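Summary of structural features
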Amino acid sequence: MAGERRKIPGFFINKRNTIVQIVFTTLFAFVFINIYKPFGSERWYNITQLQFFLFSGLLVIQGMVIVLLSRIIMFQVKKWRTITIRYYAVMIAMEIIVMAAFYATYEKLIIKDDRIFIDLWYVAGGNTALILLIPYLISSLYFAWQDKKHNLEKLIKEKGGGEQSQFIPFSD
């Protein structure tokens, strides 16, 4: 099968993992933005630390709502179609594009940034991609590891059949 038509593994799109991924991504984004202050964001605007904390919290919540809506759409699509790797990648790209558009709009209308919209959108897109893709990658690796671990345990039980396991446990 072609790579773009391959069905995405179930652990990427089951409800439990989706909820865990959204919560983890939200917490990661909030902590990352407030501790690391990426891209010199604390110098962008003349606001206090408390204001920065509150505004970043509102932006993260808005981003979480966009991701939540995206995943609700995915679960609706899943009822009629197979979710492919291509669809999943496009869905994540669309989350980033939509969030970047919102953030660029906020900068243009609320903060009155002088740059043209496309420049604001481009910078917001880069920042959004970095802040979203890191926890997406971490959670995806964790879910894949959990799936492989579950499959190995299942295989051991099937092959063991009451006999002593032929696998040798190694501890770190």
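Please refer to the structure placed before this passage.
Given the structure is predicted, the values throughout are model-derived calculations rather than measurements. (Residues numbered from 1 in each chain as written. Predicted model: local features only at pLDDT ≥ 70, side-chain atom pairs only at ≥ 80, totals over all residues. Heavy atoms only, no water.)

1. Quick look at the packing of aromatic side chains
Using the criterion set out here, one finds 9 aromatic pairs in the structure. Three or more aromatic residues joined by ring pairs form one cluster here, namely Phe11, Phe12 and Tyr88. In this structure, Lys15 packs its charged tip against the face of Phe75, placed 5.9 Å from the ring centre. (Phe/Tyr/Trp six-rings, centres within 6.5 Å; stacked < 30°, edge-to-face > 60°. Lys NZ or Arg CZ within 6 Å of the ring centre and 35° of its normal.)

2. Looking at the layout of surface pockets
Here the second largest pocket is characterised by a volume of approximately 210 Å³. Every residue along the wall of the second largest pocket is listed here: Ile66, Leu69, Ser70, Ile73, Tyr87, Val90, Met91, Met94, Glu95 and Val98. Broken down by secondary-structure element, the contributors of at least two residues to the lining of the second largest pocket are helix H3 (49–78) and helix H4 (85–109). At 6 residues, the largest contribution of residues to the lining of the second largest pocket is made by H4. (1 Å grid on protein atoms, 1.4 Å probe; cavity = no way out; pocket = protein on both sides within 12 Å on 5 of 7 lines; lining within 4 Å. Points joined across faces, edges and corners; volume = space filled by probe spheres on them. Helix = DSSP H or I, 4+ residues; strand = E, 2+ residues; numbered from the N terminus.)

3. Considering a positive patch on the surface
The grouping of Lys7, Lys15, Lys78 and Lys79 at the surface amounts to a positive patch. As for its position among the elements, Lys79 is in the loop between H3 and H4. Using a relative accessible area of 59% as the deciding quantity, one classes Lys79 as exposed. (Patch = residues over 30% accessible without salt bridge, like charges linked within 9 Å, V, L, I, M, F, W, Y side chains within 5 Å. Areas by Shrake-Rupley, 256 points an atom, 1.4 Å probe, with all protein chains shown as cover. Salt bridge = Lys/Arg side-chain N within 4 Å of Asp/Glu carboxyl O. Lys, Arg positive; Asp, Glu negative; His and termini not counted. Charge placed at Lys NZ, Arg CZ, Asp CG, Glu CD. Buried < 20%, exposed > 50% of the residue type's maximum accessible area, 1.4 Å probe, protein only.)

4. Some remarks on the side chain of Gln21
Within the secondary structure layout, Gln21 lies in helix H2 (residues 15–36). By relative accessible area, Gln21 is classed as buried at 2%. In this view, Gln21 contacts Arg71, Tyr88, Tyr136, Ser139, Ser140 and Phe143; residues no more than four positions away in its chain are not counted. (Contact = heavy atoms within 4.5 Å.)

5. Here's the deal with the nonpolar core
Within the largest apolar cluster, 23 residues are counted, with the highest numbers of intra-cluster contacts made by Ile13, Met74 and Tyr88. For this core, the secondary structure elements donating two or more residues are helix H1 (10–13), H3, H4 and helix H5 (117–160). For this core, the element with the highest residue contribution is H4, accounting for 8 residues. Tyr88 has contacts with Ile8, Phe12, Ile13, Gln21, Arg71 and Met74, leaving out every residue within four places of it along the chain. Judged by nonpolar contacts, the second largest core, of 5 residues, contains Ala29, Ile33, Phe52 and Ile131. (Core = buried A, V, L, I, M, F, W, Y, C linked by side-chain atoms within 4.5 Å.)

6. Some points on the pattern of salt bridges
Per the counting criterion, the structure on display carries 3 salt bridges. In this structure, Glu107 and Arg115 form a salt bridge, with 3.3 Å as the shortest nitrogen-oxygen distance. What makes Arg115 partly exposed here is its relative accessible area of 36%. Measuring nitrogen to oxygen at the nearest pair gives 2.8 Å for the salt bridge that ties Arg115 to Asp113. Connected through shared salt-bridge partners, Glu107, Asp113 and Arg115 make up one network.

7. Remarks on the packing of H3 against H4
Look at H3 against H4: their axes get within 10 Å of each other, and the N-to-C directions meet at 150°. One way to sum up the angle between H3 and H4 is to call them roughly antiparallel. Seen along the crossing, H3 lies across H4 with a hand that is right-handed. The segment H3 lies against H4, with Leu59, Gln62, Gly63, Ile66, Val67, Ser70, Arg71, Ile73, Met74 and Val77 engaging Tyr87, Tyr88, Met91, Ile92, Glu95, Val98, Met99, Phe102, Tyr103 and Tyr106. (Axes fitted to C-alpha atoms, helices over the stretch in contact; angles between N-to-C directions. Parallel < 35°, antiparallel > 145°, perpendicular 65-115°, else oblique. Left-handed = near helix turned anticlockwise from the far one by under 90°.)

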